[in-house]
Amino acid sequence: MSIIETKKLNYYYQDGDMQRYILRDVSVSFEKGRFYTIVGESGSGKTTFLSMIAGLDVAKEGQVLFESTDIQTIGLENYRRNKISIVFQNNNLVPYLTAAENVLVTMDITDNVLPADQKAVAYNLLDYIGITREKADRLVSELSGGEQQRIAIARALATNSDVILADEPTGNLDEEREREIIEIFKRLAHENDKAVIVVTHSQEVAEKSDVTYRLKKGNLINE
Ligand SMILES: Nc1ncnc2c1ncn2[C@@H]1O[C@H](COP(=O)(O)OP(=O)(O)O)[C@@H](O)[C@H]1O
Ligand SMILES: [Mg+2]
């Protein structure tokens, strides 16, 4: 059964009298336990598509379903807080907080982790993605780019949701760091049964994923 499904999503920008279509009748479904990538040239609509399934923006026509319920019915804010996790390219961490504090901040806004458990869960998540206890207590501004991106993933996991969305998560990393992040995404899909959906420029990331879709002229094509 699919966890996220889109039905004929259409998105366009008004350009004078013209409607410039970014997504055309995009219908696709995503399942738990799989690592998906979405590729396409710059400007092909990858971020736009991710914004729709993340509930950050709303399509002009069509629906996004989560476990067969329209995310508008779930409520977009509730959906974003409790049903999905997002990893951004520039990680969006708070530089003057430690790694552990960055993860804890996210737990404050989700309803999925009991307050009493939060600290232990935060250190466990950081340990899971390879951040030692010692590094977990350092300011993120003192850590490397690769470590920061792993902390961003740990923070995304703090909502304990079944869906991980990421927009160019390895865009600023070298090949070695990119490989580490790919391994984490594979593990989250295959061992933790999450649906992992990653928008990427990287052929390497696409090759390591289970299913790749390409956005071209507004259409989403299975590769
Ligand atoms: N606010 C906007 N107004 C008009 N066009 C936009 C706006 N935001 C993005 N676009 C255009 O929509 C297209 C898709 O953008 P985007 O989803 O960011 O692509 P990608 O992430 O694949 O690079 C691009 O051509 C971009 O210039
Ligand atoms: Mg983009």
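Residues numbered from 1 in each chain as written. Chains lettered and ligands numbered in written order. Predicted model: local features only at pLDDT ≥ 70, side-chain atom pairs only at ≥ 80, totals over all residues. Heavy atoms only, no water.

Brief notes about the overall build of the protein
Here comes step 1: Looking only at helices and strands, one finds nine helices and ten strands in the protein.
Here comes step 2: In terms of C-alpha radius of gyration, the protein reaches 17 Å, essentially the compact-globule figure of 17 Å for 223 residues.
Here comes step 3: Taking the principal axes of its C-alpha atoms as reference, the protein extends roughly 55 × 40 × 35 Å.
Here comes step 4: Here the protein holds 223 residues, and the buried ones make up 52% of them.
Here comes step 5: Within the protein, contacts between residues at least 6 apart in sequence are counted, and of these 71% link residues at least 24 apart.
Here comes step 6: Surface exposure of the protein reaches about 10800 Å², of which carbon and sulfur atoms provide 43%. (Helix = DSSP H or I, 4+ residues; strand = E, 2+ residues; numbered from the N terminus. Rg over C-alpha atoms; globule rule 2.2 N^0.38 Å. Buried < 20%, exposed > 50% of the residue type's maximum accessible area, 1.4 Å probe, protein only. Contact = heavy atoms within 4.5 Å. Areas by Shrake-Rupley, 256 points an atom, 1.4 Å probe, with all protein chains shown as cover.)

Here's the deal with the side chain of Glu 178
Here comes step 1: With respect to the helices and strands, the residue Glu 178 is situated in helix H8 (residues 175-190).
Here comes step 2: Within the structure, Glu 178 has its side chain in polar contact with the side chain of Ser 202 (distance 3.2 Å).
Here comes step 3: Once residues within four sequence positions are removed from consideration, Glu 178 is found in contact with Thr 170, Leu 173, Ser 202, Glu 204 and Val 205. (Polar contact = N/O pair within 3.5 Å; in protein donor to acceptor, adjacent residues only side chain to side chain.)

A look at the site of ligand 1
Here comes step 1: Lining the immediate surroundings of ligand 1 are Tyr 13, Arg 20, Ile 22, Glu 41, Ser 42, Gly 43, Ser 44, Gly 45, Lys 46, Thr 47 and Thr 48.
Here comes step 2: Side-chain polar atom of Arg 20 to an oxygen atom of ligand 1: 3.5 Å apart, as the coordinates give it.
Here comes step 3: Per-element accounting of the shell around ligand 1 gives the leading share, three residues, to helix H1 (residues 46-53).
Here comes step 4: Residues of the shell around ligand 1, tallied by class, amount to two nonpolar, six polar and three charged. (Near = heavy atom within 4 Å. Nonpolar A, V, L, I, M, F, W, Y, C, P; charged D, E, K, R; others polar.)

What about the sheet that holds strand S1 (residues 2-15)?
Here comes step 1: With antiparallel pairing, the four strands of this open sheet are ordered in space as S2-S1-S4-S5. Across the chains shown, the open sheet's two edge strands, defined by having one partner strand only, are strand S2 (18-31) and strand S5 (69-70).
Here comes step 2: Two elements, S1 and S2, share ten bridges in a ladder whose sense is antiparallel. By the bridge assignment, Ser 2 is partnered in S2 with Glu 31. (Pairing = 2+ DSSP bridges.)

A word on the pattern of salt bridges
As a working rule, side chains carrying opposite charge can pair if their charged atoms are close by.
Here comes step 1: Taken as a whole and judged by the stated rule, the model has 17 salt bridges.
Here comes step 2: Among the salt bridges present, the one from Arg 34 reaches Glu 31, with a minimum N-O distance of 3.9 Å.
Here comes step 3: Between Asp 162 and Lys 32 there is a salt bridge, and its shortest N-O distance comes to 3.7 Å. Linking Asp 162 in the loop between helix H7 (145-157) and strand S7 (163-167) with Lys 32 in the loop between S2 and strand S3 (35-39), this pair joins segments that are 130 residues apart in sequence.
Here comes step 4: In this structure Lys 32 comes out as partly exposed when scored by relative accessible area, which is 35%.
Here comes step 5: Counted as one network, the salt bridges with shared partners bring together Glu 175, Glu 176, Arg 179, Glu 204 and Lys 208. (Salt bridge = Lys/Arg side-chain N within 4 Å of Asp/Glu carboxyl O.)

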